[in-house]
Amino acid sequence: MAKVSLPVLLDRLEKKYPDARYELDWASPLDLLVATILAAQCTDERVNRVTKSLFRAYKTAGDYAKADLAVLEEQVKPTGFYKQKARTIQEACKVLVARFGGRVPATMDEMVTIPGVARKTANVVLNTAFGLPSGVIVDTHVARVSRRMGLTAEEKPERIEADLMRLVPRDRWTFFGPAMVLHGRYTCTARAPECSGCLIEDQCPQILEGVAPAEPASTKKTTTATAKKAAPVKKAAAPAAARSSAQSLELKGSTMHTLPASWRHVLAAEIEKPYFQELARFVAEERKTQQVFPPDDEVFAALELTPYEDVRVLVLGQDPYHDDDQAHGLCFSVRPGIKPPPSLANIYKELEADLGIKKPNHGYLVSWAKQGVLLLNAVLTVRAHTPNSHKDKGWEKFTDAVISKVNEKRERVIFLLWGGYAQKKEKLIDPKRHTVIKGAHPSPLSARNGFFGSKPFSAINHALEEAGSEPISWALPPV
C-alpha cells in the first residue's frame, strides 16, 4: 500500500500548522476533560459556546459531582445527546473525587478507568493539558486522513493509533494528532476534500492512484428546477496519472459522475458489470421522457454524505419518495420546507419516546448522515408519482453490493432493518461481526405492530458504545 513520506508530511504539517492545538477552549485539565466529553458528535465551536458559562458555574470535580443532574442536562443541551453527556460528566467527576482527590490523573492507565473515558479522550487530555506523549489522538478526522495517506489500513481507532505510534516519532505525537485533526477538518474533508493545493498533493495515494475527490458541495443543485437551469460546472483537470485510472470508472450513462470518491474505490468492480451499465441506460432513457426523482446529481447523495470509511450505522429504506420536491437521495428524509411524510412523522414520535428528543420542524436527515448513518434506499430512483416504478431494474443488485461492502468493514456496524423487505437483506450481514436491529416498519400501516416502543435509537447508541464508538446525536439542528 502506497503511503506518504513521514518526514515530508511532518515537515509540511509543521509549516502549515506551527501552533496546532485541539480547538476546544479550556483553562484546566478538568475543563478539557468535560469539553472533550461534550464534543462527541458536536462541533468544537458549539461546545465552546456552552462551556463559556459552564466553566464559570462548575470550578471543581466536586461541583459537577454534586450538581442537580436535571440542571446540568439543561446546561449542556445545545451539544446534543445531553442526557447521556451530563450523566457521563457527573459519573466521571464522582470518580475523580473518590479516587483522585478531585484532580484529573496524568497517566493513561488511570485515565481509562474513569467512566466515559476511552483512549481518544485520554490522549486529548494527556497530550494537550499535560503535554505528555501518551499516544496519538485519533478522532474521525485523523482516522480518515491517515487511511487516505496510506499510513494505516485499519478501521478501529485503537489499531489506527497503534500504526501511527509505530510510524511517528514519540516526541512528535503531541503535535501530530492536533495537526492532523486540523488538516482533516479544513482541507482533507470527508465530503469534498480540497486536493488542489493540499500540502501533500504530490504524494497522496488517493490522487496518484486516480481516485478523484468528491465534487464540492457548492456545485450541487438542489431541485429539479435548478437542475434544468444551472450551467454545467467545469471541474479542474486531474493530474495525468489520475486521469487514466479515473476514466476507467466512468459510466456509459447519466449517473456515474456523482458516485463519490470513497465509494468509487470500493465499488469499482460492481459498476463495470453489464447489469449496471443497463441500469444506467434505463435511467438515462427515463429522464428523457419522464420526470425522475431524485435529480441526477443526488442519486448517490447517501454515499456522498456518508463516505465508506465513516459508515457506522446503515438504515435501509425501499423506494425514494415519488412526489414533487421530496426525494433528495436519503431514505426517509425530505428536503427542508417539505412536510415530513407519515413514516418519518412516526420515526419522530418514537425518537421522542425513546430519547426525549422533540420533533424537529423539518424532515431533513442530513445531520444523521454526516455522523456515519448511511441512509440507503434499496432502489435509488423512481418515476414521478409512480411508486416502485424502477423496481427490479438493477438497483437492488447494486445496493446489495453496497450492503455487502459495508459488511466487510472490520469495525462493527449497526444495521437497522425496519419491515419485512429490509429484513430479507439480513442474509448479507455477518451477525458475529456486526449488530442487526430489526423491527416493524414505521409506516402507519405497521407502526403499531411493534415499531412504537421498540427504542431503536438508544439501542443503536448502546451498540456503538459497546464497540468503542461515539454515539449518534439524533437531535436534528434547525434548518
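These numbers come from a predicted model, not from an experiment.

(A) Layout of the overall build of the chain. For the chain, the count of helices and strands is 22 helices and six strands. Across the 479 residues in the chain, those meeting the buried criterion constitute 54%. Intrachain contacts of the chain at a sequence separation of at least 6 include 67% that bridge at least 24 residues. Accessible surface computed for the chain: about 21,200 Å², of which carbon and sulfur atoms make up 53%.

(B) Structural detail: the nonpolar core. Counting residues in hydrophobic clusters, the biggest one holds 72 residues, and the most contacted among them are Trp-263, Leu-374, Trp-395, Phe-398 and Trp-474. The leading source of residues in this core is helix α20 (residues 395-407), at six residues. The residues touching Trp-263, leaving out its near neighbours within four places in the chain, are Leu-303, Thr-306, Pro-307, Tyr-308, Val-311, Leu-374, Val-402 and Val-406. Counting 67 residues, the second largest nonpolar core, distinct from the first, contains Tyr-17, Tyr-82, Phe-100 and Met-180.

(C) Seen up close, the packing of aromatic side chains. All chains considered together, the criterion is met by 14 aromatic pairs. Consider the rings of Trp-395 and Phe-398, whose centres lie 5.9 Å apart with planes at 70°: the pair is edge-to-face. Highlighted residues: Trp-395 and Phe-398, both in helix α20, separated by three residues, approximately one helical turn. An identical accessibility class is assigned to Trp-395 and Phe-398; each is buried. The positively charged end of Lys-409 is found above the aromatic ring belonging to Tyr-308, 4.9 Å away from the centroid.

(D) Inspection of the pattern of salt bridges at higher detail. In total, this model carries 26 salt bridges according to the counting rule given. Glu-91 serves as the salt-bridge partner of Lys-94, at 3.7 Å between the closest nitrogen and oxygen. Within this pair, Lys-94 and its partner Glu-91 are both found in helix α6 (residues 82-100), separated by three residues, close to a single helical turn. Take Glu-91: its relative accessible area is 34%, and that puts it in the partly exposed class. Between Arg-147 and Glu-155 there is a salt bridge, with its nearest N and O atoms 3.8 Å apart. Overall, Arg-147 belongs to the buried group, its relative accessible area being 12%. What emerges from the salt-bridge pattern is a single network uniting Arg-147, Glu-155, Lys-409 and Glu-411.

(E) Structural context of the sheet that holds strand β2 (residues 313-317). Spatially, the four strands line up as an open sheet ordered β3-β2-β5-β6, and their pairing is parallel. Of all the strands in the sheet, just β3 (373-377) and β6 (435-439) have a single pairing partner and so form its edges. Taking each pair of neighbouring strands and ignoring which way they run, the sheet shows an average axis angle of 20°. Bridge count for β2 against strand β5 (residues 414-418) is four bridges, and the pairing is parallel. Following the sheet pairing, Val-313 is matched in β5 by Ile-414. Lying on the sheet, helix α22 (residues 456-466) is in contact with β2, β5 and β6; it crosses β5 at an angle near 160°.

(F) Seen up close, a positive patch on the surface. Together, Lys-339, Lys-349, Lys-359 and Arg-448 make up a positively charged patch on the protein surface. Mapped onto the fold, Arg-448 is located in the loop between β6 and α22. When its relative accessible area of 70% is taken as the criterion, Arg-448 is described as exposed.

(G) Summary view of the pairing of β6. Side-chain alternation along β6 places Thr-435, Ile-437 and Gly-439 on a buried face and Val-436 and Lys-438 on a face that remains uncovered. As paired strands, β5 and β6 are joined by five bridges and run parallel to one another. By the bridge assignment, Leu-417 is partnered in β6 with Lys-438.

(H) Seen up close, the packing of helix α2 (residues 29-38) against helix α3 (residues 44-57). Two numbers describe how α2 lies on α3: the axes approach to 10 Å, and their chain directions differ by 140°. In this view, α2 runs oblique relative to α3, as classed from their interaxial angle. Every pair of crossing elements has a handedness; the one defined by α2 and α3 is right-handed. For the pair α2 and α3, contact is made by Asp-31, Val-34, Ala-35 and Leu-38 and by Val-47, Thr-51, Leu-54 and Phe-55, respectively.

Conventions we followed
- Residues numbered from 1 in each chain as written.
- Predicted model: local features only at pLDDT ≥ 70, side-chain atom pairs only at ≥ 80, totals over all residues.
- Heavy atoms only, no water.
- Helix = DSSP H or I, 4+ residues; strand = E, 2+ residues; numbered from the N terminus.
- Buried < 20%, exposed > 50% of the residue type's maximum accessible area, 1.4 Å probe, protein only.
- Contact = heavy atoms within 4.5 Å.
- Areas by Shrake-Rupley, 256 points an atom, 1.4 Å probe, with all protein chains shown as cover.
- Core = buried A, V, L, I, M, F, W, Y, C linked by side-chain atoms within 4.5 Å.
- Phe/Tyr/Trp six-rings, centres within 6.5 Å; stacked < 30°, edge-to-face > 60°.
- Lys NZ or Arg CZ within 6 Å of the ring centre and 35° of its normal.
- Salt bridge = Lys/Arg side-chain N within 4 Å of Asp/Glu carboxyl O.
- Pairing = 2+ DSSP bridges.
- Axes fitted to C-alpha atoms, helices over the stretch in contact; angles between N-to-C directions.
- Patch = residues over 30% accessible without salt bridge, like charges linked within 9 Å, V, L, I, M, F, W, Y side chains within 5 Å.
- Lys, Arg positive; Asp, Glu negative; His and termini not counted.
- Charge placed at Lys NZ, Arg CZ, Asp CG, Glu CD.
- Parallel < 35°, antiparallel > 145°, perpendicular 65-115°, else oblique.
- Left-handed = near helix turned anticlockwise from the far one by under 90°.

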